Amino acid sequence: MSVRVRFAPSPTGYLHIGGARTALYNYLIAKKHGGKFIIRIEDTDEERSKREYEKLQLEDLAWLGIEHDIGPGKEDEFGPYRQSERLHIYQEYTDKLVEAGLAFYDFCTDEEIEKMREMNEKEGTSAYTGKWREEAHFAEAKQRVAAGEKTSVRFKVDPTKAYEIDDLVRKNVKFPAQMVGDFVIMRSNGKPTYNFCNVIDDHLHKISHVLRGEEHLNNTVRQLMIYEAFNWEAPKFAHLSIMIGEDRQKLSKRHGATSVHLYKEESYLPAAMNNYLTLLGWSHPEELSVFTKEELFSVFDENRFNKSPAMYDIEKLKWTNGQHIKLMSEDVFFSYANEAIAKDHFYHTQSDEWKKVCLSLLREKINMITEIPKLIDESILNESFVQTDELKDILSWETTPAILNHVKEELKKEEGTHVSAESFNSWMDFCKKELKIKGKPLFMGFRGVLTGQNHGPDLKVLIPLTPIEILRKRINSL
RNA sequence: GCUCCCAUCGUCUAGCCUGGCCUAGGACACCGCCUUUUCACGGCGGCAACAGGGGUUCGAAUCCCCUUGGGAGUACCA
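All values reported here derive from a predicted model rather than from experimental measurement.

Q: Help me understand the overall build of chain A in this model?
A: Across its full length, chain A carries 20 helices and 11 strands. Expected size for 478 residues packed as a compact globule is a radius of gyration near 23 Å; at 32 Å, chain A overshoots this value by more than 25%. Once the C-alpha set of chain A is aligned to its principal axes, its extents read approximately 110 × 45 × 40 Å. Relative to its 478 residues, chain A shows a buried fraction of 49%. Here chain A holds 66 positive side-chain charges and 77 negative ones, and the gap between their average locations is 2 Å.

Okay, structure coming up:
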């Protein structure tokens, strides 16, 4: 059987990082087995679904490089792949179920249903107790439907049955049928519900493996009932561990940045995002923690999913991002940085030569490209010193005043916009040879006097990058 | 409440299926040392976990049961 997997987002918001991981795993499974990765849009909730979100989610997926083989606009013979375009199909299958006596029209009022719900909550049950399930009322129901009355359709659950799946992640899982009552498969507005159309589509779209979040595990029993009713073979399931926040609750908006587009805006590397997300619920057979998704094509393995929830840790994501920054070629990094640094930043007023030197200086210090402008502001553009304890300490050394004086004099003599690397070296040479200052007092003295800090990028590169005016201002403020 | 799922360092995890190689390995974070005439990078090292209790077994992180804890679902959302 050929492998066909799908990612089935609801276009009700931006792409969530949990969704991105699910999509990635599906994509990877398809790549591993030479199968097809399908996108199906589940837009049956007409109030919340927006076409705009579909577009945005697809864009985010494209940014991650998770391209689908089949989906809306890329149809094959089993399409269409947008549920709103398949409504007639769901109606057809609903009718079949009703005909066969496996589903029934339900005319219960909202009040009656509410009462049922309350009862069930009290009793710890989930049974439908309305009268419409009974054969005796079917003729009446049929008449009312024929007369054009709107109604919902419920699936008739046989509470004596039990179902089980052989989940790729969780192995054998058993569900008693009583855990659910007769559930709605078709709403009174003519739209199908998730548990129904999802099954119809997975079957008709020839889906071989369903990889989805663990929050769907309990839904599986309802879906199994539908497969059984139609005598269809269910696909292979894999219920992936959920992603949780620091409070160990399912990751959601209140945990902060959970939308993929936010990471795109912050110039995270898609490769890093994929890398990190892959490791949240899956482990590399060689325990590698840095890799590209292409390197996973052959090595990805559906037997290495982890069952327990994974906490989303942005610090590790950042570290992963830093690893991928170090992996980039110089040219790619250069254009990436030019793209990511705000257009109005000082950086863009400098020569290409300056930019290249600056970038190679700062690259190894960062995990995020957005740290570059920040570092430039802090170490190149800051004009006055903050009298920190560290700075006071350096200034209190007996060797420092001599360095300060020498630098001050040299700075007066300098012409041009920047100090050349040669000049800077000669300053240091002078202090070393004539003033006999070396090692830490030498370097830290220069660093303190010229940058006001006790740490930062390599001085010999940093100082020639700093506009001479700024160096003068700094030194004069001392 | 009911149903289902989960349980190894603070975090991501390896090991579990197919008990012994586990004195429990790796990674992030943190700390220390080395290197660098400064800072960082890097290298080396340290801290730190099998939730608890019962079994089974010569032997249990690994298999079974219970307890506890956590999570998900319980919609005419998906």
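Q: Would you mind going over the protein's contact with RNA strand B with me for this structure?
A: RNA strand B sits among 60 residues. The nearest are T44, R187, Q249, E287 and M444. Backbone atoms, meaning sugar and phosphate, make up 70% of the atoms of RNA strand B lying within 4 Å of the protein. S10 is positioned with one of its side-chain polar atoms (N or O) 2.9 Å from a sugar or linking oxygen of RNA strand B. S188 places a main-chain nitrogen or oxygen 2.8 Å from a base oxygen of RNA strand B. The set of elements that each furnish at least two residues to the surface near RNA strand B consists of α4 (110-123), β4 (152-155), β6 (171-176), β11 (310-311), α11 (314-327) and α18 (439-451). Residues belonging to the surface near RNA strand B are distributed by class as follows: 17 nonpolar, 19 polar and 24 charged.

Q: Teacher, can you tell me more about helix α9 (residues 270-278) here?
A: Every α-helical turn comprises 3.6 residues, leaving residues that sit three or four positions apart pointing alike. The buried fraction of α9 is high, at seven of nine residues. Turning to α9, its buried residues number three or more, namely A272, M273, N274, N275, Y276, L277 and T278.

Q: Is there a simple way to think about the packing of aromatic side chains in this case?
A: Given two aromatic rings, their pairing is described by the distance between the two centres and the angle made by the two planes. Evaluation of the coordinates by the stated rule reveals 22 aromatic pairs. Taken together, a centroid distance of 6.0 Å and an interplanar angle of 85° make the contact between Y27 and F37 edge-to-face. Pair noted here: Y27 is in helix α1 (residues 17-33) and F37 is in strand β2 (residues 36-39), with a separation of 10 residues, a long-range link. Since its relative accessible area comes to 6%, Y27 is described here as buried. Centre to centre, the rings of F346 and W354 are 5.5 Å apart; their planes meet at 85°, and the pair counts as edge-to-face. Counting every residue linked through ring pairs, the aromatic cluster contains Y25, W282, F300 and F305. Between R144 and the ring centre of F107, over which it is positioned, the NZ or CZ distance is 4.2 Å. One residue, K356, lies across the ring of F334, its end atom 5.1 Å from the ring centre.

Q: Is there a simple way to think about unusual backbone geometry in this case?
A: A negative phi angle is the norm for most residues apart from glycine, just as the trans form is the norm for most peptide bonds. The linkage connecting G79 with the following residue, P80, adopts the cis geometry, with an omega of 0°. Along the chain, P80 turns up in the loop between α2 (51-63) and α3 (87-99). Although it is not a glycine, K206 adopts a positive phi angle of roughly 60°. Mapping K206 onto the fold places it in the loop between α6 (194-204) and β8 (209-213). A positive phi angle, close to 65°, is found at R248, a residue other than glycine. Mapped onto the secondary structure, R248 falls in the loop between β10 (243-244) and α8 (260-265).

Q: Help me understand the domain arrangement of chain A in this model?
A: Frequently, the measure chosen for interface size is the accessible area that the parts lose on association. Domain annotation of chain A identifies domain 1 (1-70 + 241-327), domain 2 (328-378) and domain 3 (382-477). The C-alpha-based centres of domain 1 and domain 3 are spaced at 48 Å.

Basis of the calculations
Residues numbered from 1 in each chain as written. Chains lettered and ligands numbered in written order. Predicted model: local features only at pLDDT ≥ 70, side-chain atom pairs only at ≥ 80, totals over all residues. Heavy atoms only, no water. Helix = DSSP H or I, 4+ residues; strand = E, 2+ residues; numbered from the N terminus. Rg over C-alpha atoms; globule rule 2.2 N^0.38 Å. Buried < 20%, exposed > 50% of the residue type's maximum accessible area, 1.4 Å probe, protein only. Lys, Arg positive; Asp, Glu negative; His and termini not counted. Charge placed at Lys NZ, Arg CZ, Asp CG, Glu CD. Near = heavy atom within 4 Å. Polar contact = N/O pair within 3.5 Å; in protein donor to acceptor, adjacent residues only side chain to side chain. Nonpolar A, V, L, I, M, F, W, Y, C, P; charged D, E, K, R; others polar. Phe/Tyr/Trp six-rings, centres within 6.5 Å; stacked < 30°, edge-to-face > 60°. Lys NZ or Arg CZ within 6 Å of the ring centre and 35° of its normal. Domains from an automatic or database assignment.

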